[in-house]
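Below, each chain spelled out in residue letters.
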Amino acid sequence: MVKDFKRIDMGKSMNKPKLKIKNLYKIFGPKGESFIDPVKNGISKQELLDNHGHVLGLNDINLDIPEQRIQVIMGLSGSGKSTLIRHINRLIEPTSGEITVDDEDILAMSQLQLREFRRKKTSMVFQKFALLPHRTVAQNVAYGLTIQGQHEGVAKEKSHKWIESVGLSGFEERYPSQLSGGMQQRVGLARALATDAPILLMDEAFSALDPLIRTDMQNILLDLQKDLHKTIVFITHDLDEALRIGDNIAILRDGKIIQKGNPQEIIMKPADNYISDFIKDINRGKVIEVRSIMQKGSSKGVSLDSSCPLEDALKILNNEKNNECSVVDDKGKKIGKVTLDAAISALFREKSLKKSEKYK
Amino acid sequence: MDWLAEFPSLGKRDLRDLKKGIDGSFREWSRSNGDAIEAFFDPLYFFLVWLEKLLIATPWPIILVLVAAFAYLGSRSWQLALGSVVSFMLIGYFGMWKDMMATISLISVATLICIAVGIPIGILMSRYDRVQSAITPILDLMQTIPIFVYLLPVVMLLGIGRVPGLIAVCVYALPPIIRLTNLGIRLVDKEILEAADAFGSSYRQKLFSVQIPLALPNIFAGVNQTIMMALAMVVIASMIGVKGLGMPVLQAVQNQYLTLGLMNGLAIVALAIIFDRVSQRYGQRLQAHRYGKEHE
């Protein structure tokens, strides 16, 4: 069931950034620009809304999104995550800030360049699928290609393999309304993959699906990603989903990033009470991997894989004579050891710093 | 305190002069430009006459076959096709065949003009809010102004006959298709439009591959309304010399010919029902994909 949580070896997660977001602000309202300075000086979201009628969408976002990895952006509704992802292909214009892709300034693009950028560099999967209801599955998947000006016949042929890769062979001539939600989103995913764009933007792509179907879709995505190595920006409000598919996670609250890091870092070192609360219900035994509690040194006997979850490690540790195991990386090289005590204490979640201190 | 009892108005003489002045200058203008304007509408006139003659000259069995084909292809319903043919036969049997052909040719041309003019205007309105707020009051005006008020200047300019009749019909029948095109495009799901944008569609691509297809049911409701309103204008158009089923109705009203009025009136109703059902069914079939088979 627990398909091994994606391995992150430290070397790879340092991939050079594909997408850089710097000092990004978005203030919704007719005079958004004039409130940049007050926001920089710390005016609160509520104050801005009550006194000036403007909504603070994004507040000083800085994020480097590494190439070929899955960057999850997580937050509850209203945290600005959908706003943020729409800045990457400029469906929403920022109030101020910088966004670059491969060191190319997105914000400096003309409408024509932007269109070309959207056709070739990015593609997007939507929460409510956003398929064209009057077109068949095959036509929907081919949509991005026809927009690029390819002949519909050619585009349909090319899109065939993507229909197959998401498991929809035989449904080519159906209409979206004849498919279940999960199948519709497979069409959405195939449509996004068909253009071969290196950046895939997924806006709560699986949030509208049943839990089981959602897990299916996550597996499809992770399987495809093994071959495709796309730079994926994945929005979700679901922590389990974030931990499962994210190579990196950024947590957003009230338009501000409050923590970014890989899943292990987020669980082991939550930045504040808000995040501690957020992660308090997860199954730590399944999520925490031994490399997060690894110490220096080595041990005789059985070796554990660095990405082995605690749940599995506990039994092995318990069986070992001195309750210690070596930890090896994916090439089999010893990189440290774990002890049973460390594993057990990692299962207890850290207490909130101050119980009384309540966030809004 | 006299001034409180009577509303301050432009003096009678001034008012008369104002009206006279405007009337005079319009008459002057129409006299000097009437020919040019008439010449401008000449192609339309010839087309109308040609279509009417063609319909009348076509042997009636062929017309009946065409009617059956049109009704069946539009609605995919045998009953409706049969009903249409029977209605046509009855109308012909009671001696109204030629008038019916004249009416059909007028309605067809009016509908085509309304589609050709109305849909582009509707698209423009949906794209620019400014155009929408400029055109909406004009549409309100077209729909509510008493018909005779604009019939008068049209007759002064173009005299009586088919073309002024056609213009009068179009003025009345145009608003629904404009409104419904605009509405239909504006109602297209925002998420789907966002998806089209995200894949880099140009405005044109978005319009033709997303907005218009998804707005078609509404646009078609507009076409349907336009046909209905054009038919409703048939009698009034006959007042300015348009031949067809309206003319006998007008005569009946003037001379108290009860049966004549009833027969022609019912013929108009029959035409209206046929056009309405066929175009409605066609519009429903256009959105068949929306009612796809239920899953699970």
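Structural data are supplied above this passage.
Values in this document were obtained by computation on a predicted structure and should not be read as measured data.

Visitor: Help me understand the overall build of chain A in this model?
Guide: On a plain count of helices and strands, chain A comes out with 16 helices and 13 strands. Compactness check: chain A gives a C-alpha radius of gyration of 22 Å against a globular reference of 21 Å for 360 residues, within 12% of the reference. Referenced to the eigenvectors of the C-alpha coordinate spread, the extents of chain A come out at roughly 65 × 55 × 35 Å. For chain A, the proportion of its 360 residues judged to be buried stands at 53%.

Visitor: Where do I start with the packing of helix H3 (residues 60–75) of chain B against helix H13 (residues 258–286) of chain B in this structure?
Guide: The axes of two packed helices give the description: the angle between them and the distance between them. All names here are of chain B. For the pair H3 and H13, the least separation of the axes is 7 Å and the interaxial angle reads 35 degrees. Together, Phe70, Ala71, Leu73, Gly74 and Ser75 of H3 and Phe275, Val278, Arg281, Tyr282 and Arg285 of H13 make up the contact between the two elements. Broken down by class, the residue content of the contact of H3 with H13 amounts to 6 nonpolar, 2 polar and 2 charged.

Visitor: Would you take a moment to explain helix H10 (residues 203–232) of chain B for this structure?
Guide: For an α-helix, the turn length of 3.6 residues means that residues three or four places apart are oriented alike. In this model, H10(B) (30 residues) spans only 37 Å end to end at C-alpha, well below the 44 Å of a helix rising 1.5 Å per residue. Along its length, H10(B) shows its largest kink, about 60 degrees, at B:Leu216, and proline B:Pro217 lies within four residues downstream of that point.

Visitor: For this particular structure, what's the right way to read the nonpolar core?
Guide: The tendency in soluble globular proteins is for nonpolar side chains to be buried side by side. In terms of nonpolar packing, the biggest core is built from 65 residues, with B:Phe88, B:Met100, B:Met101, B:Leu231 and B:Leu271 touching the most fellow members. Looking at this core element by element, the count peaks at 12 residues for helix H5 (residues 97–127) of chain B. Setting aside anything within four residues of it in sequence, one finds B:Leu231 in contact with B:Thr103, B:Ile107, B:Ile268, B:Leu271, B:Ala272 and B:Phe275. Counting 62 residues, the second-largest nonpolar core is a separate cluster that includes A:Val187, A:Leu193, A:Ile266 and A:Ile279.

Visitor: Help me out: how do you make sense of the pairing of strand E1 (residues 17–28) of chain A in this one?
Guide: Put simply, side chains in a regular strand alternate between the two faces of the sheet. Residues and elements named next belong to chain A. Strand direction decides the pairing type here: E1 and strand E2 (residues 55–66), joined by 8 bridges, are antiparallel. When the bridges of E2 are listed, Leu19 appears paired with Ile65. Sheet analysis places E1 next to strand E4 (residues 96–101), joined by 5 bridges and oriented antiparallel. Note on E4: the bridge partner recorded for Lys22 is Glu98.

Visitor: Hey, could you run me through the packing of H5(B) against helix H8 (residues 162–186) of chain B in this one?
Guide: Residues and elements named next belong to chain B. Two elements in contact, H5 and H8, have axes whose closest approach is 7 Å; the angle formed by their N-to-C orientations is 40 degrees. Relative to H8, the element H5 is oriented oblique. In this structure, H5 meets H8 at a crossing whose hand is right-handed. When grouped by side-chain class, the residues that make up the contact of H5 with H8 number 19 nonpolar, 5 polar and 1 charged.

Visitor: Honestly, the pattern of salt bridges in this entry has me stumped. Any pointers?
Guide: Pairs can form between side chains of opposite charge once their charged atoms are near each other. Applying the stated criterion across every chain yields a total of 19 salt bridges over all chains. Between B:Glu194 and A:Arg86 there is a salt bridge, and its shortest N-O distance comes to 2.5 Å. Placement of B:Glu194 in helix H9 (residues 190–198) and of A:Arg86 in helix H4 (residues 81–88) is noted, with the two residues assigned to different chains. Note on accessibility: B:Glu194 and A:Arg86 belong to one class, buried. Between A:Arg90 and A:Glu93 there is a salt bridge, with the nearest N and O atoms lying 3.0 Å from each other. Given a relative accessible area of 8%, A:Arg90 falls into the buried group. The class of A:Glu93 is partly exposed, set by a relative accessible area of 35%. Salt bridges linked by common partners bring A:Lys16, A:Lys18, A:Glu67 and A:Asp102 together as one network.

Visitor: I'm lost on the side chain of B:Ser202 in this one. Help?
Guide: Here B:Ser202 shows up in the loop between H9 and H10. Among the residues examined, B:Ser202 registers a relative accessible area of 12% and is labelled buried. The residues touching B:Ser202, leaving out its near neighbours within four places in the chain, are A:Arg115 and A:Arg119.

Visitor: Could you clarify how one ought to interpret the pairing of strand E13 (residues 334–339) of chain A in this entry?
Guide: Where strand E12 (residues 324–328) of chain A lies against E13(A), 5 bridges are found, and the strand directions are antiparallel. Opposite A:Ser326, over in E13(A), you have A:Lys337 as the bridge partner.

Visitor: Is there a simple way to think about the sheet that holds E2(A) in this case?
Guide: Sheet strands associate in pairs through backbone hydrogen bonding, adopting either a parallel or an antiparallel arrangement. Taken in spatial order, the 4 strands make up an open sheet running E2-E1-E4-E5 (chain A), and their pairing is antiparallel. Single-partner strands in this sheet number two, and they are E2 and strand E5 (104–105) of chain A.

Visitor: I keep staring at the packing of aromatic side chains and nothing clicks. Help me out?
Guide: Remark: the centre distance and the inter-plane angle together describe each pair of aromatic rings, the angle taken between the planes. Evaluated as defined, the whole model comprises 12 aromatic pairs over all chains. Consider the rings of B:Phe70 and B:Phe275, whose centres lie 6.1 Å apart with planes at 65 degrees: the pair is edge-to-face. Taken together, the residues span a long stretch of sequence, with B:Phe70 in helix H3 and B:Phe275 in helix H13 at a distance of 205 residues. By relative accessible area, B:Phe70 is classed as partly exposed at 43%. Sitting above the plane of the A:Tyr274 ring, A:Arg253 keeps its charged end 4.4 Å from the centroid. One Lys or Arg, B:Arg127, reaches over the ring of B:Tyr203 and ends 3.6 Å from the middle of that ring.

Visitor: Help me understand the sheet that holds strand E11 (residues 303–305) of chain A, please; the structure alone is not making it clear to me.
Guide: Residues and elements named next belong to chain A. On the basis of which strands lie adjacent, the open sheet formed by 3 strands has the order E11-E12-E13 and mixed pairing. Among the strands making up the open sheet, the edge pair consists of E11 and E13. Ignoring strand direction, the axes of neighbouring strands in this sheet form an average angle of 40 degrees. Bridge analysis of E11 against E12 gives 3 bridges, and the strand direction is parallel. Each bridged residue has a counterpart across the sheet, and for Ser303 the counterpart in E12 is Ser326. Along the sheet, helix H15 (residues 310–319) makes contact with E11, E12 and E13, crossing E12 at roughly 135 degrees.

Conventions and cut-offs
- Along each chain, numbering runs from 1 in the same order as the chain's sequence is written.
- Chain A is the first chain written and ligand 1 is the first ligand written, with later ones labelled in order.
- Whole-chain, interface and lining totals are the exception, using all residues; otherwise, since this is a predicted model, local features are given only for residues with pLDDT of at least 70 and side-chain atom pairs are given and counted only at 80 or more.
- Side-chain figures throughout are based on the complete set of non-hydrogen atoms in the structure, without hydrogens or water.
- In this text, helices come from DSSP runs of H or I with a minimum length of four residues, and strands from runs of E with a minimum of two, each type numbered from the N-terminal end.
- Between the two quantities, the radius of gyration covers C-alpha atoms and the globule rule is 2.2 Å times the number of residues to the power 0.38.
- A 1.4 Å probe rolled over the protein chains alone gives each residue an accessible area, and that area as a share of the maximum for its type sets the label: buried under 20%, exposed over 50%, partly exposed in between.
- Angles run from 0 to 180 degrees between N-to-C directions of axes, and those axes are lines fitted to C-alpha atoms, restricted for helices to the stretch in contact.
- We call two residues contacting when some pair of their heavy atoms lies within 4.5 Å.
- Amino acids are sorted into nonpolar (Ala, Val, Leu, Ile, Met, Phe, Trp, Tyr, Cys and Pro), charged (Asp, Glu, Lys and Arg) and polar (every other residue, Gly among them).
- What a helix should span is 1.5 Å times the count of its residues minus one.
- Bend at a given residue is defined as the angle between two axes, one fitted to the seven residues that end at that position and one fitted to the seven that begin there.
- Here the nonpolar core consists of buried residues drawn from Ala, Val, Leu, Ile, Met, Phe, Trp, Tyr and Cys, with membership extended through side-chain atoms lying within 4.5 Å.
- In short, DSSP must find at least two bridges between two strands for them to pair.
- Note on angle classes: values under 35 degrees are labelled roughly parallel, values over 145 roughly antiparallel, values of 65 to 115 roughly perpendicular, and the remainder oblique.
- Left-handed is the label given to a crossing in which the near helix is rotated counterclockwise from the far helix by less than a right angle, and right-handed is the label when the rotation is clockwise.
- Salt bridges are defined as contacts in which a side-chain nitrogen from Lys or Arg sits within 4 Å of a carboxyl oxygen from Asp or Glu.
- Here is the rule: rings of Phe, Tyr and Trp (six-membered ring for Trp) pair when centre to centre is within 6.5 Å. Planes less than 30 degrees apart are stacked, more than 60 are edge-to-face, and the remainder are tilted.
- Two limits define a charge over a ring: the Lys NZ or Arg CZ must be within 6 Å of the ring centre, and within 35 degrees of the ring normal.

All we've got here are geometric facts, nothing functional implied.
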